[in-house]
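Inside the fold
Below, each chain spelled out in residue letters.
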Amino acid sequence: MRRRHATLLALLLLPGAATRAADVLTVPGDHATIQAAIDAAADGDEIRVAAGTWFENVVITGKDVTLRAVDGAAATVMDGGGADSVVTILNGPGAGCVVDGFTIRNGGGRDNDGGRWGGGVYIELASPTLRNCVFRDCTAAGGNGGGVFAAQGDPVIDDCEFLDNQAFEGGGFACEQSDFLIRGCTFRGNTSLAAGGAAGVWRSPGRIEDSVADDNASPTGGGISLRWSSTTVVDGVTVRGNEASSGGGFDIYRSAPRVVDCVIEDNVASDRGGGLFLQYAGEARIERCIVRRNAANDSGGGGIYAIDGGGWSAVNTLLHDNTARSSSGAGVSLSSDIGSLVNCTVARNDAGRPAGGAGIWLSGGSALRLVNCTLWGNTVRGALHDPPGPVHSHTQIDADHDSGVEPTHCNYGYDSPVAPPPGGGGNFGRNPLFRDAAGGDFRLLGISPNIDSGTSLAPGVPDTDLDGRARPQDGDGDGTAAVDIGAFEHLHGEAPVHAYVTRDGRPIGAAVAVEPVALGVGQVLALRLVNGGAGPLALTG
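Residues numbered from 1 in each chain as written. Predicted model: local features only at pLDDT ≥ 70, side-chain atom pairs only at ≥ 80, totals over all residues. Heavy atoms only, no water.

1. Observations regarding the overall build of the protein
Across its full length, the protein carries three helices and 56 strands. The buried share of the protein, reckoned over its 541 residues, is 53%. Contacts spanning at least 24 positions in sequence make up 72% of the contacts within the protein whose residues lie at least 6 apart. Accessible surface, the protein as shown: approximately 22200 Å² in total, 51% of it carbon and sulfur. (Helix = DSSP H or I, 4+ residues; strand = E, 2+ residues; numbered from the N terminus. Buried < 20%, exposed > 50% of the residue type's maximum accessible area, 1.4 Å probe, protein only. Contact = heavy atoms within 4.5 Å. Areas by Shrake-Rupley, 256 points an atom, 1.4 Å probe, with all protein chains shown as cover.)

2. Considering empty space enclosed by the protein
Enumeration according to the criterion identifies one cavity of 30 Å³ or more in this entry. The calculated volume of the largest cavity comes to roughly 40 Å³. For the lining of the largest cavity, the per-class residue count stands at eight nonpolar, one polar and no charged. (1 Å grid on protein atoms, 1.4 Å probe; cavity = no way out; pocket = protein on both sides within 12 Å on 5 of 7 lines; lining within 4 Å. Points joined across faces, edges and corners; volume = space filled by probe spheres on them. Nonpolar A, V, L, I, M, F, W, Y, C, P; charged D, E, K, R; others polar.)

3. Section: the sheet that holds strand 34 (residues 268-272)
Spatially, 30-34-38-42-46-50 is the arrangement adopted by the six strands of the open sheet, whose pairing is parallel. Looking along the sheet, the strands with just one partner apiece sit at the ends: strand 30 (243-246) and strand 50 (379-380). Pairing analysis gives two bridges linking strand 38 (residues 295-296) to strand 42 (residues 323-324), with the strands arranged parallel. The residue of strand 42 that forms the bridge with Ala296 is Ala324. (Pairing = 2+ DSSP bridges.)

4. Digging into the sheet that holds strand 19 (residues 166-169)
As summarised here, the arrangement of the three strands in space is 15-19-23, forming an open sheet in which the pairing is parallel. Single-partner strands in this sheet number two, and they are strand 15 (139-144) and strand 23 (191-195). Between one strand axis and the next, the sheet turns by 5° as a mean value, whatever way the strands run. The pairing of strand 15 with strand 19 spans three bridges and is classified as parallel. Directly across from Thr139, in strand 19, lies its bridge partner Gln166. (Axes fitted to C-alpha atoms, helices over the stretch in contact; angles between N-to-C directions.)

5. Focus: the pairing of strand 5 (residues 66-69)
Taken together, the four bridges between strand 2 (residues 46-49) and strand 5 define a ladder with parallel strand orientation. The residue bridging Val49 from the neighbouring strand is Ala69, located in strand 5. Examined bridge by bridge, strand 5 and strand 8 (residues 98-100) share three bridges and lie parallel to one another. Residue pairing across strands places Arg68 opposite Asp100, the latter belonging to strand 8.

6. Observations regarding the pattern of salt bridges
For side chains of opposite charge, pairing can occur when their charged atoms come near one another. Enumeration according to the criterion identifies 27 salt bridges in this entry. For Glu265, the salt bridge goes to Arg292, with nearest N and O atoms at 2.8 Å. Taken together, the positions of Glu265 in strand 33 (residues 263-265) and Arg292 in strand 37 (residues 290-292) put the pair 27 residues apart, joining distant regions of the chain. Taken together, the shared-partner salt bridges connect Arg240, Glu265, Asp266, Arg292 and Arg293 into one network. (Salt bridge = Lys/Arg side-chain N within 4 Å of Asp/Glu carboxyl O.)

7. As for the nonpolar core
Phe173, Trp312, Leu341 and Ile360 are the most contacted members of the largest nonpolar core, which has 80 residues in total. The dominant element in this core, judged by the number of residues it contributes, is helix 2 (residues 34-40), at three residues. Aside from chain neighbours lying at most four places away, what touches Ile360 is Gly329, Val332, Leu341, Val346, Leu368, Leu370, Leu375, Gln396, Ile397 and Asp398. Judged by nonpolar contacts, the second largest core, of 12 residues, contains Phe442, Leu466, Ala487 and Phe488. (Core = buried A, V, L, I, M, F, W, Y, C linked by side-chain atoms within 4.5 Å.)

8. Re the packing of aromatic side chains
This structure, assessed with the given rule, holds nine aromatic pairs. Ring geometry for Phe162 against Phe187: centres 4.4 Å apart, planes inclined by 10°, an arrangement best described as stacked. Of the two residues, Phe162 is situated in strand 18 (residues 161-163) and Phe187 in strand 22 (residues 186-188); the sequence distance between them amounts to 25 residues. Given a relative accessible area of 4%, Phe187 falls into the buried group. (Phe/Tyr/Trp six-rings, centres within 6.5 Å; stacked < 30°, edge-to-face > 60°.)

9. Focus on the state of the cysteines
Think of a disulfide as a covalent bridge from one cysteine sulfur atom to another cysteine sulfur atom. One pass over the full model with this rule turns up zero disulfides. Take Cys160: it sits in no disulfide, and the sulfur closest to it among the cysteines is that of Cys133, at 4.8 Å. Take Cys160: its relative accessible area is 1%, and that puts it in the buried class. (Disulfide = S-S within 2.5 Å.)

10. Digging into the confidence of the model for the protein
Summing up the model confidence of the protein, the mean pLDDT is 88 and the portion of residues at 70 or higher is 82%. Of the regions scoring below 50 in pLDDT, residues 1-18 engages in two contacts with residues more than four places distant in sequence or in other chains. (pLDDT = per-residue confidence, 0-100.)

11. Let's talk about the side chain of Ser313
Following the sequence through the fold, Ser313 ends up in strand 40 (residues 312-315). Look at Ser313 and you get buried, because its relative accessible area is 10%. Among all residues touching Ser313, those that are not within four sequence positions of it are Ala284, Arg285, Ile286 and Ser340.

12. Re unusual backbone geometry
Of note, the amide linkage connecting Val27 to Pro28 takes the cis form, showing an omega dihedral of 10°. When you line up the elements, Pro28 lands in the loop between strand 1 (24-27) and helix 2. In this structure, Pro472 follows Arg471 across a cis peptide bond, with omega equal to -5°. Inspection of the secondary structure assignment puts Pro472 in the loop between strand 54 (441-444) and strand 55 (497-503).

13. Re the environment of Thr238
Here Thr238 shows up in strand 29 (residues 238-240). Thr238 gets classed as buried once you look at its relative accessible area, which sits at 17%. Each C-alpha atom of the pair Thr238 and Asp210 lies 7.8 Å from the other, and the pair is 28 residues apart in sequence. Once residues lying within four places of it in the same chain are set aside, the contact partners of Thr238 are Ser211, Val212, Ala213, Val263 and Glu265.

14. A look at the side chain of Ser327
Following the sequence through the fold, Ser327 ends up in the loop between strand 42 and strand 43 (332-335). Residue Ser327 is classed as buried on the basis of its relative accessible area of 13%.

15. Details of the environment of Val86
Position of Val86 among the secondary structure elements: in the loop between strand 6 (76-79) and strand 7 (87-90). Exposure remark for Val86: the relative accessible area of 0% places this residue in the buried category. The sequence separation of Val86 and Val148 amounts to 62 residues, and the corresponding C-alpha distance is 10.0 Å. When residues no more than four places from it in sequence are discounted, the contact partners of Val86 are Glu56, Asn57, Val58, Met78, Gly80, Ile104, Arg105, Asn106, Gly107, Gly119 and Gly120.

Have a look at this one:
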């Protein structure tokens, strides 16, 4: 027994037999430079860097170390001097490799394939975490990823800012063959010479979540470019005020991403696709998004322009107040393309071409499937009919002779004896009675004809609405739940119509709610008003 205890004690004393405790290295306390501390560190060590400006280009190879700025990005700067990537991470570091709390600026990128790549941070065959950093004023001339470039890794980028970076592709961020995660980040003022002002993604899955891409620019995809078989999920991202020739907000090329719960607004394309530009988009899916106030100045598609593809869809999506200044299809434009809109609202879009198709325009043999959609108040500049008066259905949607629309259970939003709505079961044309369209609220009033008028039998009908409310609801209170037409589902008793007694245009007394009533053809809803006052009762409106 004594020999056994002696053997165990000897094993415990062998070098490496016990777990090594992580060390904390300080700069400049323990080491004069950040690179010297990295060279001295081992897996699990933490390097704490004091405030100041550090003129270095550092390399982390095969080590899971934490590089932390003690006083955060506002006080701690790593300046690359324009000579190389400010931080290079190579060959093996995983999630245990962390860069936290630095401003990384003035990087010139790593020489790669004849260009400079990853102006601020270059990542290859590694999966580090970048957290609480600011990447600014970095350049990748002739290459990709002005702020950060990643290849063949799974990096995580949390709560970072990408400001005023430049690259050939992916002005702020670029990646290839990487399952990345970007979360809680801001991209502003980044530029690309080819695609992806804020971010360019190639041949990658990955996710971009809860972020903002604002005021970026590129010839294609002023905000975000998803290309070459990328299946990226973009979730909860605001893409605002970006500029491009094609795809002011998004460029989707030969890829099948999911764009979910995003706000795509105030983007401009000098040619086509103010909000989104889709080409060979395959199974791309746009779901529960708001696409508003985007502009396409030449070829149309203020909200969405799709070309040369087939199979993409938009579901539970609101497209409103977009413009096509010189063409048709201010909401959606298809050219030699196949797509579908399901439970979408296309409203108040304005086209400059003096022909039809202000809301949706199809050309070049395109085909569009419409299910449970509302088109209302879309106008051609100088059109004879503006809402709320009669609007011909062709102002809402039109197609050339080689293209076609397959609608079912849609409200084409016009009241005119000129022509019936295009064919398809359950289609009609009546004012959808939005709560406040001019104010941007396209939910339904309690007497809207869209309530319970949709179908749940068509392929792709969602089980929630744009607000996340379950479908279907019994919106009209008749005891049977049915899907509503448009992006929003109505709950019975919600948003009733109110009647007021007014004097000199101002309401006096209490408002009286008029509960929703389902009326059949030829039925009339009568209200009895009793004047108990001293003066005459005048009815207006």
